[in-house]
Amino acid sequence: MTDTFEHNPRVWTAARLREALQGLPDDTPIHVGVADGPGDFDGYSEYALVNLEPVEKDDDAQGGVEYTLFADFKAGQYHFDLD
């Protein structure tokens, strides 16, 4: 039997992101470390931040919008996965 647990990470607000970026040069690249599992950053995968888009929430009766940062693989050479 698998143990389950409630995972409630603190989602950053725009203000907290601005605060974290304060003082960085405008041309500083931003990478995103993606956890291997809930809260597990020991073997995280690193991606490059590439976009910010408003995303409408389907489950919100009032038509709310959240903003999502999108990440892609970092710059480099890759082999096509033909599977």
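This text goes with the structure placed above it.
Throughout this document, residue positions are counted from 1 along each chain, in the order its sequence is written. Where totals are concerned, whole chains, interfaces and linings use all residues; where local detail is concerned, this predicted model gives features only for residues with pLDDT of at least 70, and gives and counts side-chain atom pairs only at 80 or more. Here the side-chain values reflect all heavy atoms present in the structure, with hydrogen atoms and water set aside.

1. Some details on the layout of surface pockets
Link 1 in the chain: Two kinds of site are reported from a 1 Å grid over the protein atoms alone, namely cavities, where a 1.4 Å probe fits but cannot get out, and pockets, open sets with protein on both sides within 12 Å along at least five of seven lines, and residues are called lining when an atom falls within 4 Å of a point. Grid points are joined across faces, edges and corners, and a volume is the space filled by probe spheres set on the points. By volume, the largest pocket is sized at about 1,000 Å³.
Link 2 in the chain: As for the largest pocket, its lining consists of 25 residues, and the residues nearest its centre are Val11, Trp12, Leu17, Tyr67 and Leu69.
Link 3 in the chain: When contributions to the lining of the largest pocket are tallied by element, the ones reaching two or more residues are α1 (14-21), β1 (31-34), β2 (45-56) and β3 (65-73).
Link 4 in the chain: Each helix corresponds to a stretch of at least 4 residues labelled H or I by DSSP, and each strand to a stretch of at least 2 residues labelled E; elements are numbered beginning at the N terminus. Counting residues per element, the lining of the largest pocket draws most heavily on β3, at six residues.
Link 5 in the chain: Class assignment of the residues belonging to the lining of the largest pocket gives a composition of 18 nonpolar, four polar and three charged. The residue classification treats Ala, Val, Leu, Ile, Met, Phe, Trp, Tyr, Cys and Pro as nonpolar and Asp, Glu, Lys and Arg as charged. All others, Gly included, are polar.

2. Looking at the packing of aromatic side chains
Each aromatic ring pair is characterised by the separation of its centres together with the angle its planes make.
Link 1 in the chain: A pair of Phe, Tyr and Trp rings is counted when the ring centres sit within 6.5 Å of each other, with Trp represented by its six-membered ring. The angle between the planes then sorts it: under 30 degrees is stacked, over 60 is edge-to-face, the rest tilted. Under the counting rule described, the total for this entry stands at two aromatic pairs.
Link 2 in the chain: Their ring planes at 65° and their centres at 5.2 Å tell us that Tyr47 and Phe73 sit as a pair that is edge-to-face. Linking Tyr47 in strand β2 with Phe73 in strand β3, this pair joins segments that are 26 residues apart in sequence.
Link 3 in the chain: Ring centres 5.7 Å apart and planes at 65° place the aromatic pair Phe73 and Tyr78 in the edge-to-face group.
Link 4 in the chain: Phe73 gets classed as exposed once you look at its relative accessible area, which sits at 53%.
Link 5 in the chain: Put simply, the rings of Tyr47, Phe73 and Tyr78 pair up and form one aromatic cluster. Only protein chains enter the accessibility calculation, which uses a 1.4 Å probe; a residue is then buried when its area is under 20% of its type maximum, exposed when over 50%, and partly exposed in between.

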